Every structure is written in structure tokens, then in C-alpha cells.
Amino acid sequence: MSEKLLEIDNLSVCFHLPEGVARAVDRLSLNIAKGETLGLVGESGCGKSVTSMSIMGLIASPPGRIESGRILFQGKNLLELNRENLRRIRGKEISMIFQEPMTSLNPVISIGRQVAEPLMIHKGLSKSEAFDEATGWLEHVKIPAAGKQLKDYPYQLSGGMLQRVMIAMAMVCRPKLLIADEPTTALDVTIQAQILALMSGLKEELGMSLLLITHDFGVIAQMATQVLVMYAGQIVEEASVTRIFDRPFHPYTQGLLKSIPQAGGRAKGRVKRLREIAGTVPALTEVIVGCKFADRCPYTFDLCRQQQPTLDRIQNGHRARCWLHEHPERGRGNV
Amino acid sequence: MTRYLVRKLITLIVLLFLVSITVFSVLFVLPGDPAEIILGMNATPETLANLRAELGLDRSFIVQYANWIGSLLTGRGSMSINYDVPVYDLILSRLAVTGPLAIFAICFAVVISLPLGIYAARHQNQPGDVIVMFFTQLGLATPEFWLGILLILLFAVKWGLFSAGGFPGWSVSFWGSAKALLLPSFALGVIRASILTRLTRSSMLEVLREDYVRTAWAKGLRERTVVYVHALKNALIPVVTILGLQMGQLMAGAIIIENVYYLPGLGRLVFQAIGQRDLPVVREIVLFMAAAVIFVNFIVDLTYAVLDPRVRLT
């Protein structure tokens, strides 16, 4: 086992809303080793982004509250750091890129200044030094005529170019961990591939770790080494990327993989209806006694409604939160 | 940028032209013959006709309007009926009071509203925010003249810190004059500040929820950089708009407050001129005030371009 960079232990995050307490992240634990790419998969509202915002210390409080757990970054518990010390880590040791490059860059501040800011604040560079280095990074992420673009504003660039700017901005301080929250979701498919290639290249070059948050298994297949599947605030399955695609254990993971549109269906002479997972995600404010997926699961039996399954080891490095593990006779065609 | 500027300049000129026609027409159709006012009730029809001819009042509307604009452009302007001096000179001397009054009032409004609005937004629904909102609500409901009278009662009558009204003149006493403008401009400014505070707060609240503010936090920027650079620059755009629009109300407020404080400003001049049916004075001051409002909004348009790069290209 290589050295741990980030270790989240038993993290619970709640939001105190008028309609009740929403448990957005429920006793979540994960590890990211140095140089590793961890994929965090799940549908909208499952707690992926709340997890990443917790690492950054950016949960709005109120209404958000971290109820329990530790987030250890290089052995330091980020949840115990004061605001100033946490600020020094943000953008320097841990950087983040977001889903919507169009809205995530400030419309009234020049691109050069936005990319140079972390250098001035974290490395104490002068304005001209920071701008020089920013130009270098913009060239590095393959922005044409980077020197000229420094004075441009976000509205003058395309979405793909803006995401490159976001990446450059996140990279300037050479962070040890990059959190990418749906980095390609808002982009065209062709641009997606370019951005993913750029990110893997930079990751290798800087030897950093990557926490990749997405709902897209295609992105996971291309980038991740280890995968976590989240459902309603909990991790329901954890495995290596090959194992997840070959032998998904949890019915939710299986459902997700089956609902990926398959190319070539028409060529075989029949158009298959796109598979979906029946039902909807339970509201986070709902108190559920048994398994949170029970209402949507094709294999549900009595135990699932009575007791919540634990995240159990299926095989080396493969864990799942499902009673089928103890009652294999209830599932059909499972491991 | 040049195109934007040229377009705004053309708008400015067209607006001024339309305003001048409106002002002239309104006073043209108004009953009341200037010649009769000048000569009094006992004038003979003959002298009246002579004076009308001399003043050009017997000409058509177009000719009279053209003469008026011509006289304005060549710098002579009309003569005041009552004071028998060019209205130009009257405006200039009174502007020395109303100009600083308006500028002080705007300064008060901005200095009060921006920090309060930002503070309230940063502490939404907390006690500080509730207190700020309470006072802005109070400010919105308070007429300027009443606040002006209250301030006189408190600062002049009770504590004797300021004089209750009047204006010594800049050449007589610079500090005395500045001091005389302090209470009335504060009264004017506080009322403007109420609406601007609320606007700054709501604009700031909206911007603080934007993705790019989250990005700014995630970059590890200091709180003051996030709030005063990344958020404020965006939040100011609607605030500046309303600030420009407030200029018109400020002018209207100045007329009232100058009368409360007995200040020899434009507002008081126009107020008296209406009573004395001194039409040239009324006409030219109304035109001047409208021009001032238009000009300030031209400045506002230029400020947009500084605040928002997207404006520069359109």
C-alpha cells in the first residue's frame, strides 16, 4: 500500500433545512494514495459534491454542519484547522476545478489576473512574476496565444478554453491533490476527451493525486484506478476500475452500468430501450431504517427493510453495502 | 470602447434636444403672458404689444424655440424678468450651493450604503442585518424635509452645533459654508442611502452565491479579496445604475431641502421663480437640472464599461 495523501474517516455532513435535517453525507470513509486517481460516482444529489466541499472546508454553515469524522490530509485533520490555516491549503496543496467553466470564472476579472492570483497569494510572487508564470501555465494547457489572452475576459473564450483556464488556475501552485467535480460534464464530447487527456498528462507530470467526481462511467473508465459508488450519502461499493466494470456487486452499481447507452444496438437489427433504474432517490431528509436502495432494488427481501447493510468485503479490495453478500441465494447471477 | 462612447454621446445629445423641446413646449402652452407680468396690470395694450414684439413673443413657436436655443448656444441665454440679469449668471452663482450640496449628499449616500449593504449581506438574517434592514425601512418611509427639520431641532436648536439655516457664501467663509451644507446634504443623503443599502445587500447576496465566488474561496484567497474584489465588482453594477437614477430624485429633494435650510441654491431659485412667474428662469433651471441628470447617467454608462468588460464591446 502506497503512502496515504488524504484519508476521510467516518465523515457525516448534515444540512439543517426548514423541511428537516438532510443527511447529505453519511459516515463516509475513503483513502487517496499519492499519485492515485479515485473516481467518485453517483447520481445528482448523492453527496459527491458535498464530500468535496467538505475537504475544501467550503460547506456553508449554516445550514451545513459537519457532524462527525476526520479529514486527514498528510496526517493533519483539516476539520480542526482554523480558517487561516485552511485557507493556506486551499488552492495551494488542494485545488479544485468545477463543472461549469462558464460560471466558475469571474466575468469581470481578466483571465491573467484570475490565473495569477493563487501565485501572488500563496507564493508571494509580485504581479509581473505571477503574470509571467500564469502565461507559462496557459501555454502549458495549450491555450493559443496565451500571452495575448491574459488581458481577455471569460466571455471572450469558449467553454473548452475556459476549462483549460480553470485547470491552469488550479495547477499554478502545483497542488498535491486535485479535486475535479464533474470537470467535463458541461463540455462537448470532443472537448471532453481533450480535457481528460490534459488532466491525465498534468497528473503524471506533477505526480499529484486526483479525486474525480462524476456520474459518467466513461470518464471513470478512462481516468480512475479505484472507484467508489455513492448512493444517498453513503458509499455502496468500492473496487478497482477493472473489477467495477467486470463484476459489479451492488444492484445499484449494476443498474448504473446497465443504463449506459450502448452504441451499435441498431446494427444488430433491433433497437433496445435504454435501461433505467426504477423509482427515485429517497429524499435526504427521510429516515430510512433498512437499506437506502431497497425501494428500487430488484432483489429486495425482508432483511433489506429491517436493517441497514454494512460495507462488507467481497474480495480483496472490493467492498459492497448489500445483504446479498450474506444471502447469495436471494440474488440471481451474482458473485 | 470608442464605439460605445460615441453611441452614448449621441444618445446624450438627442436626449438633451428632446428635453429642451419638452421644457419649452410646456412653458409655452402655460397660461400667463410674460409681457403682462413685467408691465403689470395697468399696462396699455399698445405697450404690451411693443414689449411682446421686443421679447419676440409674437413670433411662431418654431422661431421662438430656435431663438431660445440659439441664445443658449451662443452663451447669452435669456434674461430673468425679476432680477434683470442673464439666467446663466443666476444659475452659476446658485450652483455654487446646489452643486456641493448634491455632491456631499451622494458621498454620504455611498459612504453609508456600501459598507452597510455589504455587512448586511455577509451577516444575512443575523441581528446586525435585521437592525440595518429596520433602519433602511425607516429611511425609505421618511420624507427629506421632515428629517431635515428633525436634524435642525437636534443639532442646531438643542445642541447648537450647527446653524439652523442660511449660507455665508464661499468667499466669506469656506468652512462656514461647508458646515452649512453638512446637515442638509446629510438629510438628502441618508434617504438615498436607505434604498442603496438595500440594493447593495440584495445584489451582494446574489453574487455571493455565484459559482465564481465559490471558485475564489477555493483558490484560498483572503476573505477581503473574495468579498471586495471578486464579489463587489459584480455586485456594484446594479447599484451604480440606481445611483444614477437617484440623481433626479436628488434634484427634487434639493428643491425642498434648500427651502427648509434657507440655502440660496438652484432649488430655492426655481421655487421662487415659479411663484414670481419668472418663466425664463424656470425654463432654464428645469433644462439645466434635466441636463445634469442626463449627464450623470452618461457618467454611469461610462462606469459600466469600467466595471463590466462585456459592456465595452457592445
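Residues numbered from 1 in each chain as written. Chains lettered and ligands numbered in written order. Predicted model: local features only at pLDDT ≥ 70, side-chain atom pairs only at ≥ 80, totals over all residues. Heavy atoms only, no water.

A. Broad picture of the overall build of chain B. Across its full length, chain B carries 13 helices and 0 strands. Reading the helices (α) and strands (β) of chain B from amino to carboxyl end gives α-α-α-α-α-α-α-α-α-α-α-α-α. With respect to the three principal axes, the spread of C-alpha positions in chain B is 85 × 55 × 35 Å. Buried residues in chain B amount to 45% of all 314 residues. For chain B, the share of sequence-separated contacts (at least 6 apart) that also reach a separation of at least 24 residues comes to 72%. Per element, the accessible surface of chain B, about 16,000 Å² overall, is 69% carbon and sulfur. Computed over 24 positive and 18 negative side-chain charges, the separation of the two mean positions in chain B equals 14 Å. (Helix = DSSP H or I, 4+ residues; strand = E, 2+ residues; numbered from the N terminus. Buried < 20%, exposed > 50% of the residue type's maximum accessible area, 1.4 Å probe, protein only. Contact = heavy atoms within 4.5 Å. Areas by Shrake-Rupley, 256 points an atom, 1.4 Å probe, with all protein chains shown as cover. Lys, Arg positive; Asp, Glu negative; His and termini not counted. Charge placed at Lys NZ, Arg CZ, Asp CG, Glu CD.)

B. View of the state of the cysteines. Tallied over the full model, the rule gives 0 disulfides over all chains. Residue Cys-297 of chain A stays outside any disulfide, its sulfur separated by 6.0 Å from that of Cys-322 of chain A, the closest cysteine. (Disulfide = S-S within 2.5 Å.)

C. Spotlight on the packing of helix α8 (residues 174–208) of chain B against helix α10 (residues 223–260) of chain B. Residue and element names in this part refer to chain B. Two numbers describe how α8 lies on α10: the axes approach to 8 Å, and their chain directions differ by 150°. It follows from the interaxial angle that α8 and α10 lie roughly antiparallel. In the crossing of α8 with α10, the sense of the turn from one axis to the other is right-handed. Classifying every residue of the contact of α8 with α10 gives 20 nonpolar, 6 polar and 1 charged. (Axes fitted to C-alpha atoms, helices over the stretch in contact; angles between N-to-C directions. Parallel < 35°, antiparallel > 145°, perpendicular 65-115°, else oblique. Left-handed = near helix turned anticlockwise from the far one by under 90°. Nonpolar A, V, L, I, M, F, W, Y, C, P; charged D, E, K, R; others polar.)

D. Molecular detail of the interface of chain A and chain B. Each side of the interface is counted separately: chain A has 28 residues, and chain B has 22 residues. Around 2,200 Å² of area is buried between chain A and chain B when both sides are counted, 59% of it from carbon and sulfur atoms. Where chain A meets chain B, there are 2 salt bridges. The residue Glu-117 of chain A makes a salt bridge to Lys-219 of chain B at a minimum N-O spacing of 2.7 Å. Where chain A packs against chain B, one counts 14 residue pairs in polar contact (both at pLDDT 80 or more). With 6 residues, helix α4 (residues 111–122) of chain A is the single largest residue contributor to the side of chain A that touches chain B. Residue classes in the side of chain A that touches chain B are distributed as 15 nonpolar, 7 polar and 6 charged. (Buried area = accessible area lost by both parts, 1.4 Å probe. Salt bridge = Lys/Arg side-chain N within 4 Å of Asp/Glu carboxyl O. Polar contact = N/O pair within 3.5 Å; in protein donor to acceptor, adjacent residues only side chain to side chain.)

E. Region of the structure containing the layout of surface pockets. All names here are of chain B. The volume enclosed by the second largest pocket comes to roughly 830 Å³. Along the walls of the second largest pocket sit 28 residues, with Leu-55, Leu-57, Ser-78, Pro-280 and Arg-283 positioned nearest its centre. When residues of the lining of the second largest pocket are traced back to their parent elements, those giving at least two are α1 (2–29), α2 (34–39), α3 (45–55), α4 (61–73) and α12 (279–307). Its residues placed into classes, the lining of the second largest pocket shows 14 nonpolar, 8 polar and 6 charged. When residues of the lining of the second largest pocket are assigned to domains, at least three fall in each of domain 1 (2–73) and domain 2 (87–313). (1 Å grid on protein atoms, 1.4 Å probe; cavity = no way out; pocket = protein on both sides within 12 Å on 5 of 7 lines; lining within 4 Å. Points joined across faces, edges and corners; volume = space filled by probe spheres on them. Domains from an automatic or database assignment.)

F. Fine view of the environment of Ile-106 of chain B. All names here are of chain B. Tracing the sequence through the fold places Ile-106 in helix α5 (residues 87–122). For the pair Ile-106 and Arg-277, spaced 171 residues apart in the sequence, the C-alpha separation amounts to 31 Å. Not counting chain neighbours up to four residues away, the residues in contact with Ile-106 comprise Leu-243, Met-247 and Leu-250.

G. How the structure looks around the sheet that holds strand β6 (residues 94–97) of chain A. Residue and element names in this part refer to chain A. One open sheet accounts for 8 strands, arranged β6-β7-β8-β3-β9-β10-β12-β11; its pairing is mixed. Where the open sheet ends on each side, the last strands, each with one partner, are β6 and β11 (311–315). With direction set aside, neighbouring strand axes in the sheet form an average angle of 20°. Both strand β3 (residues 37–41) and strand β8 (residues 209–214) contribute to a ladder of 5 bridges, which runs parallel. The residue of β8 that forms the bridge with Thr-37 is Leu-210. (Pairing = 2+ DSSP bridges.)

H. Highlighting the pattern of salt bridges. This structure, assessed with the given rule, holds 24 salt bridges over all chains. Note that Arg-23 of chain A is salt-bridged to Asp-26 of chain A, the shortest N-O span being 3.9 Å. The salt bridge involving Glu-223 of chain B is made with Arg-83 of chain A; its shortest N-O contact spans 2.6 Å. With Glu-223 of chain B in helix α10 and Arg-83 of chain A in helix α2 (residues 83–89), this pair bridges two chains. The class for Glu-223 of chain B is partly exposed, based on a relative accessible area of 31%. Overall, Arg-83 of chain A belongs to the exposed group, its relative accessible area being 64%. Here the salt bridges do not stand alone but share partners, grouping Arg-23, Asp-26, Arg-27 and Lys-292 of chain A into one network.

I. Representation of the sheet that holds strand β1 (residues 4–17) of chain A within the structure. Residues and elements named next belong to chain A. As summarised here, the arrangement of the 4 strands in space is β2-β1-β4-β5, forming an open sheet in which the pairing is antiparallel. The two strands at the open ends of the sheet, each matched to only one other strand, are β2 (20–33) and β5 (76–77). Direction of pairing for β1 relative to β2: antiparallel, over a ladder of 10 bridges. By the bridge assignment, Ile-8 is partnered in β2 with Leu-30. Along the sheet, helix α1 (residues 48–56) contacts β1, β2 and β4 (64–73); its crossing angle with β1, the most-contacted strand, is approximately 110°.

J. Focus on the environment of Thr-241 of chain B. Residues and elements named next belong to chain B. Among the structural elements, Thr-241 can be located in helix α10. A relative accessible area of 25% places Thr-241 in the partly exposed class. Within polar-contact distance, the side chain of Thr-241 engages the backbone oxygen of Ile-237 at 3.0 Å. A polar side-chain atom of Thr-241 sits 2.4 Å from a polar atom in the side chain of Tyr-304.

K. How the structure looks around helix α11 (residues 266–275) of chain B. All names here are of chain B. Among all positions in α11, only Leu-266, Gly-267, Arg-268, Leu-269, Val-270 and Ala-273 are buried. Buried residues belonging to α11 abut α5, α10 and α12. Residue Arg-277 follows α11 closely and has a positive phi angle near 55°.

L. Main features of the side chain of Glu-237 of chain A. Along the chain, the position of Glu-237 of chain A falls in strand β10 (residues 234–240). For Glu-237 of chain A, the side chain forms a polar contact with the side chain of Thr-253 of chain A, separated by 2.6 Å.

M. How the structure looks around the pairing of β4 of chain A. All names here are of chain A. In this sheet, β4 lies alongside β1 in antiparallel orientation, the contact comprising 8 bridges. Bridge pairing in β4 places Glu-7 opposite Leu-72. Between β4 and β5, which follow one another and run antiparallel, lie 2 residues, and Gln-74 among them has a positive phi close to 50°.

N. Unusual backbone geometry, seen in detail. Residue and element names in this part refer to chain A. Located in the positive-phi region is Arg-27, a residue other than glycine, with phi close to 45°. On the secondary structure map, Arg-27 appears in strand β2. For Arg-27, a relative accessible area of 45% gives the class partly exposed.

O. Region of interest: the domain arrangement of chain A. All names here are of chain A. Taken domain by domain, chain A consists of domain 1 (4–224) and domain 2 (234–261 + 274–330). Just the C-alpha atoms count here: the centres of domain 1 and domain 2 sit 29 Å apart. Each partner contributes residues to the interface: domain 1 has 17 residues there, and domain 2 has 15 residues. Each partner contributes to the roughly 1,400 Å² buried at the junction of domain 1 and domain 2, and carbon and sulfur atoms together form 62% of this total.

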